[in-house]
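Single-letter residue listing:
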Amino acid sequence: MIEHKKTAVFFDCWDTLVAFATKEEAWETRPLINHLINKEVVNIEEVQKYGHQMLDAYYHKHLPYEISALQFCNLLVLRFGLKLDCSLEQCASEMFVSLNPSPIPGVEEFLSVLEENHIPYACLSNTIYPKKEMEKLLTSFYPKHRFAFLLTSEEVGVKKPNPDFFTLGPILLDVPLSDSIYIGDSYLQDICGSSLAGYGLSIFFNRKKKTWEDLAFVKVFVEDYRNIPHKTIASYAELYNSKGELSLWKN
């Protein structure tokens, strides 16, 4: 049982608070191509292909450590001899330009319910993007609400499901792990990660209706993955009633 007065809620970002989408297939390398000044000696298709395959392979390995957009850009610059008319930092920030994010339905209302119940909340998210760009995104989508903080894997180098990342949130809010709640859409990173790290409750935001068959790959990382303690929801409205009363700590 999680005590109401001690509870803090931590959110994943992508596809939990913000829906991830891109404007084009080559979004990973678009800033580099836009700022390229030696195009005549660069095989752009090769750069785009390598960039896409590199990130795709990286994400599917579910490693416990993070790279950054800056490192990614630097890798391509060095590997392909790219010359740019701007800094690597600018290219890393501009990776956001090729994204097409949108707010997740129900988040606005749920944040209001948390505030009405005096429950602090923050965002702990895996991401390669610069923190300042992520903060702008959350502020633009949820201007009426203030997260206690945003902590990204890009700034600390460890990422979910690494327990070292999960423990940082409760430390920053001075809340015990056992009184912390984590909400996320990834069963491996968010649910297995937070539960095994010691969170009191892990909430699987399964709006995409994934089945156990879809999640079978998790067994490679967590053998007993089906028995990880958690609660599954398809919408945020399932976490409170019409009176604004929370049911987070109820089984």
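Further up the page is the structure itself.
Small disclaimer: the values here were computed from a predicted structure and weren't measured. (Residues numbered from 1 in each chain as written. Predicted model: local features only at pLDDT ≥ 70, side-chain atom pairs only at ≥ 80, totals over all residues. Heavy atoms only, no water.)

**A look at the overall build of the protein**
Applied cut-off: What counts as a helix is a DSSP run of H or I of at least four residues, what counts as a strand is a run of E of at least two, and both are numbered from the N terminus. Values of the radius of gyration come from C-alpha atoms, whereas the globule rule sets the reference at 2.2 Å times the count of residues to the power 0.38. The cut-offs for exposure are 20% and 50% of the maximum accessible area for each residue type, with area from a 1.4 Å probe on protein chains only; residues under the lower value are buried, those over the upper are exposed, and the others partly exposed. Working rule for contacts: check all heavy atoms of both residues, and any pair within 4.5 Å makes them a contact.
Regarding its fold elements, the protein presents 10 helices and 8 strands. In terms of C-alpha radius of gyration, the protein reaches 19 Å, essentially the compact-globule figure of 18 Å for 251 residues. Its C-alpha atoms put the protein at 65 × 40 × 30 Å along the principal axes. By residue count, 51% of the 251 residues in the protein fall in the buried class. When contacts within the protein are restricted to residue pairs at least 6 apart in sequence, long-range pairs at least 24 apart make up 73% of them.

**Remarks on helix α5 (residues 107-116)**
The condition is simple: Taken from the helix axis, the directions to the C-beta atoms give the arc we talk about.
Of the positions making up α5, those classed as buried are V107, F110, L111, V113 and L114. Burial along α5 is one-sided: seen end-on, the buried residues are contained in an arc of 155°. Packing partners of the buried residues in α5 comprise β1 (8-11), β4 (121-125) and β6 (180-184).

**Concerning the pairing of β4**
This is how it is decided: Paired strands are those between which DSSP finds at least two bridges.
With 5 of 5 residues buried, β4 is to be regarded as a mostly interior element. Going residue by residue along β4, you find Y121, C123 and S125 tucked away on one face and A122 and L124 tucked away on the opposite face as well. With 3 bridges connecting them, β1 and β4 associate as parallel partners. Residue pairing across strands places V9 opposite Y121, the latter belonging to β4.

**Structural notes on the environment of Y58**
Short version of the rule: Identification of polar contacts relies on pairs of N or O atoms within 3.5 Å, with a donor-acceptor requirement for protein atoms, meaning one able to donate a hydrogen and the other able to accept it, and with residues adjacent in sequence counted only if both atoms are side-chain atoms.
Looking at the element boundaries, Y58 is found in helix α2 (residues 44-61). Among the residues examined, Y58 registers a relative accessible area of 8% and is labelled buried. Polar contacts involving the side chain of Y58 include one to the main-chain carbonyl oxygen of Y65, which spans 2.7 Å.

**Observations concerning the nonpolar core**
Our working rule: Buried Ala, Val, Leu, Ile, Met, Phe, Trp, Tyr and Cys residues form a nonpolar core when they are joined through side-chain atoms within 4.5 Å.
Among the nonpolar cores identified, the biggest contains 57 residues, and F11, L17, L114, I183 and Y236 are the most heavily contacted of them. The element best represented in this core is helix α3 (residues 69-80), accounting for 6 residues. For L114, the contacting residues outside a window of four places in its chain are V9, F11, I119, Y121, L246 and L248. F10, F165, F166 and Y199 belong to the second largest nonpolar core, which has 13 residues in total.

**Remarks on the side chain of H145**
Here H145 lies in the loop between α6 (131-141) and β5 (150-152). At 2.9 Å, the side chain of H145 and the side chain of E108 are in polar contact. Excluding its chain neighbours within four sequence positions, the residues that come into contact with H145 are E108, L111, S112, E115 and Y121.

**Things to note about α3**
Worth spelling out the cut-off: Every helix has an expected span of 1.5 Å times one less than the residues it contains.
Look at α3: 17 Å from first C-alpha to last across 12 residues, which is about the 16 Å you get at 1.5 Å a residue. Within α3 the residues assigned to the buried category are A69, F72, C73, L76, V77 and F80. On an axial view of α3, the arc spanned by its buried residues comes to 135°, and they lie on one face. Turned more than 90 degrees off the buried face of α3, the exposed positions are L78 and R79. Among the residues trailing α3, G81 stands out with phi positive, at a value near 65°.

**Some details on the sheet that holds β4**
Rule in force here: Lines fitted to C-alpha atoms define the axes here, with helix axes fitted over just the stretch in contact, and angles between the N-to-C directions of these axes take values from 0 to 180 degrees.
The strand order across the open sheet built from 6 strands is β5-β4-β1-β6-β7-β8, with neighbouring strands paired in parallel fashion. In the strand order of this sheet, the two ends are held by β5 and β8 (231-233), each with one partner. For this sheet the average axis-to-axis angle between neighbouring strands, irrespective of direction, equals 25°. The strands touched by α5 within the sheet are β1, β4 and β6, with β1 carrying the most contacts at an inclination of about 160°. Against the sheet, α6 contacts β4 and β5, and its axis sits at roughly 140° relative to β5.

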